[in-house]
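# Structural description and commentary
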Amino acid sequence: HYSGLEEAVYRNIQACKELAQTTRTAYGPNGMNKMVINHLEKLFVTNDAATILRELEVQHPAAKMLVMASHMQEQEVGDGTNFVLVFAGVLLELAEDLLRMGLSVSEASCIVIEGYEKACKKALEILPDLVCCSAKNLRDVEEVASLLHTSVMSKQYGNEHFLAKLIAQACVSILPDSGHFNVDNIRVCKIVGAGISASSVLHGMVFKKETEGDVTSVKDAKIAVYSCPFDGMITETKGTVLIKNAEELMNFSKGEENLMDLQVKAIADSGANVVVTGGKVADMALHYANKYNLMLVRLNSKWDLRRLCKTVGATALPRLTPPTLEEMGHCDSVYLSEVGDTQVVVFKHEKEDGAISTILIRGSTDNLMDDIERAVDDGVNTFKVLTRDKRLVPGGGATEIELAKQITSYGETCPGLDQYAIKKFAEAFEAIPRALAENSGVKANEVISKLYAVHQEGNKNVGFDIEAEAAAVKDMLEAGVLDTYLGKSWGIKLATNAAVTVLRVDQIIMAKPAGGPKPPSGRKDWDEDQND
């Protein structure tokens, strides 16, 4: 029997283990998909840990620590969220074994925490020595595509070559000379129909909209962008007009028409031939836009309007005033096209060095396209990480086994009780190749013993061969299975921090209203003395 404090520690560990086990079966290219139905009853079918965690409502405070660490990895690196969860879960599972060794929980926790922190520091010292290659030229589409294979493969196994090439084309085309890459500059537009192989990249933007007027195509477009409705001005206060005869009625509407005519004519005279509006389009305004051959596009989303302004270099105007040359945007062509049976408006740059690229995703179902979009996001984030740090480490469990081997040796040299924690930290790294093997239907113990045997001979780059029928290993550098150095180092850091934080907790105190009788309702001053 445990005391109350011990019970709390074990319960925390148990909650974290269960959460990690949920995503562990989704790890790697052969990971199983999860069907998640969120609180809005929206269905997600994915093996992306970040999405699963975002849509799950995790209640347990200790398990929330792991979720927060995973979110941090998503924000910092954009990939490797499952690695953080699996690794932190195994660290806590092995810590439980150490806590049961006989010492009091508080003493054992201190020893485990100290050992884990030492081992984490050592792992981050060893990691730079495990770098197997670096990205040479981030403007070469073929090279970038080969580096993105691994992150895309874990989400879309079988389509990774095609998708990695698409993502590489999109990213390279908008990489600025300064090297500061912004992931928001890659847009994704999903259109149901055809198959994944019909997906393509466009330099510019694509909107699932129809044009409002008669003009459906403009070459060498000069674009005026308005954040207000394309309509006449409405007065602030209500006015009453007294009309005595038919002539006054005719003149009244004529005045409004003339004003609208002048406004639209002024826009056309400024040189603009495409008008994009963020509000509704009035029938009268539409008539005059057709009269002066203006192409009209309506975008309801402020976010889309802002992005379009960035793409074409325009300024969004708050009122229907004629734009100056500086306020107008420029684009090689704007046209209405049909993809499948969906009408789309395309703002296209012929030159490759545009500000925004769009990846047009085709697929048979919305769920499939959502999953491809997540794979694209991971690929784009991997490219961003490579612009920050070009170093790469071998994937497929090769880095983890080498770290496990070297940290175990380091643990042997440490005096004191924390050596047990250091060795357990090393053992935790085995969880990654183990998860890959189990999800591929191969005996995990056989894979790990083969990996250790090869690494003892000094082959640092050898990892688990996911495509082999039996338990086999191969050189990950030759196979092109590579992970980013930054992703690994952040993952190890965040997982260790999360595990240590959970181990430091011995009580969970919930702030809830205390018990006791409820105050009588209806009387505000019920607790005041009646004699006053």
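Residues numbered from 1 in each chain as written. Predicted model: local features only at pLDDT ≥ 70, side-chain atom pairs only at ≥ 80, totals over all residues. Heavy atoms only, no water.

The subject of this paragraph is unusual backbone geometry. Glycine aside, residues mostly have negative phi, and peptide bonds are mostly found in the trans state. At Ala194, a position not held by glycine, the phi torsion is positive, near 55°. By relative accessible area, Ala194 is classed as exposed at 56%. For Asn293, which is not glycine, the phi torsion reads 55° and is therefore positive. (Buried < 20%, exposed > 50% of the residue type's maximum accessible area, 1.4 Å probe, protein only.)

Sheet strands line up and pair through hydrogen bonds in the backbone, either parallel or antiparallel. Taken in spatial order, the three strands line up as E3-E13-E16 in an open sheet, and their pairing is antiparallel. Both edges of this open sheet fall to strand E3 (133-134) and strand E16 (482-484), since each of them pairs with a single strand only. Across three bridges, strand E13 (residues 391-394) lies against E16 in antiparallel orientation. Bridge assignment links Leu392 to a residue of E16, and that residue is Thr484. (Pairing = 2+ DSSP bridges. Helix = DSSP H or I, 4+ residues; strand = E, 2+ residues; numbered from the N terminus.)

Together, Val241, Ile243, Leu249 and Phe252 give the surface a local cluster of nonpolar side chains, amounting to about 360 Å² of exposed area. The residue Phe252 is located in helix H8 (residues 246-269) in this model. Relative accessible area serves as the criterion here: at 45%, Phe252 is assigned to the partly exposed category. (Patch = residues over 30% accessible without salt bridge, like charges linked within 9 Å, V, L, I, M, F, W, Y side chains within 5 Å. Areas by Shrake-Rupley, 256 points an atom, 1.4 Å probe, with all protein chains shown as cover. Salt bridge = Lys/Arg side-chain N within 4 Å of Asp/Glu carboxyl O.)

With that settled, consider the environment of Leu417. One can find Leu417 in the loop between helix H12 (398-413) and helix H13 (418-428). Residues Leu417 and Val90, 327 residues apart in the sequence, show an inter-C-alpha distance of 20 Å.

We now examine the side chain of Asn185. Position of Asn185 among the secondary structure elements: in the loop between helix H7 (160-173) and strand E4 (186-192). Judged by its relative accessible area of 12%, Asn185 falls in the buried class.

A few words on the nonpolar core. Judged by nonpolar contacts, the single largest core of 74 residues is most densely connected at Tyr116, Ile407, Phe425 and Ile492. Of the residues forming this core, the biggest block, 13 residues, is contributed by helix H4 (residues 81-99). Sequence-distant contacts of Ile407, that is, excluding residues within four places in its chain, are made with Ala119, Ala123, Ile126, Ile422, Phe425, Ala426 and Phe429. Among the nonpolar cores identified, the runner-up in size contains 34 residues, and Ala170, Ile359, Val380 and Phe383 belong to it. (Core = buried A, V, L, I, M, F, W, Y, C linked by side-chain atoms within 4.5 Å. Contact = heavy atoms within 4.5 Å.)

This brings us to the side chain of Lys34. Inspection of the secondary structure puts Lys34 in strand E1 (residues 34-37). One buried charged residue, Lys34, remains without a salt bridge, the closest side chain of opposite sign being Glu438 at 11 Å. At 2.5 Å, the side chain of Lys34 forms a polar contact with the side chain of Thr25. Those residues within four positions of Lys34 in sequence are excluded, and the remaining contacts are Thr22, Thr25, Ala26, Phe44, Val45, Thr46 and Ile52. (Lys, Arg positive; Asp, Glu negative; His and termini not counted. Polar contact = N/O pair within 3.5 Å; in protein donor to acceptor, adjacent residues only side chain to side chain.)

With that out of the way, let us pick up H4. A rise of 1.5 Å per residue sets the reference length of H4, with its 19 residues, at 27 Å; its end C-alpha atoms lie 27 Å apart and thus fit the reference within 8%. Burial of H4 is extensive: 17 of the 19 residues sit out of reach of the surface. (Expected span 1.5 Å × (residues − 1).)

Before going further, it helps to spend a moment on the packing of aromatic side chains. Counted by the stated rule, this structure contains seven aromatic pairs. Ring plane angle 25° and centroid distance 4.6 Å describe the contact between Phe87 and Phe429, whose orientation is recorded as stacked. Of this pair, Phe87 sits in helix H4 while Phe429 sits in the loop between H13 and helix H14 (431-439); the two residues are 342 residues apart in sequence, bridging distant segments of the chain. The burial state of Phe87 is the same as that of Phe429; both residues are buried. With centroids separated by 4.9 Å and ring planes inclined at 75°, the aromatic side chains of Phe181 and Phe383 adopt a geometry described as edge-to-face. With Phe181 in the loop between H7 and E4 and Phe383 in helix H11 (residues 366-388), this residue pair connects regions lying 202 residues apart in the sequence. Each member of the pair Phe181 and Phe383 is classed as buried. Through successive ring pairs, a cluster of aromatic residues spans Phe83, Phe87, Tyr116, Phe425 and Phe429. (Phe/Tyr/Trp six-rings, centres within 6.5 Å; stacked < 30°, edge-to-face > 60°.)

Purely geometric numbers; function is a separate question.
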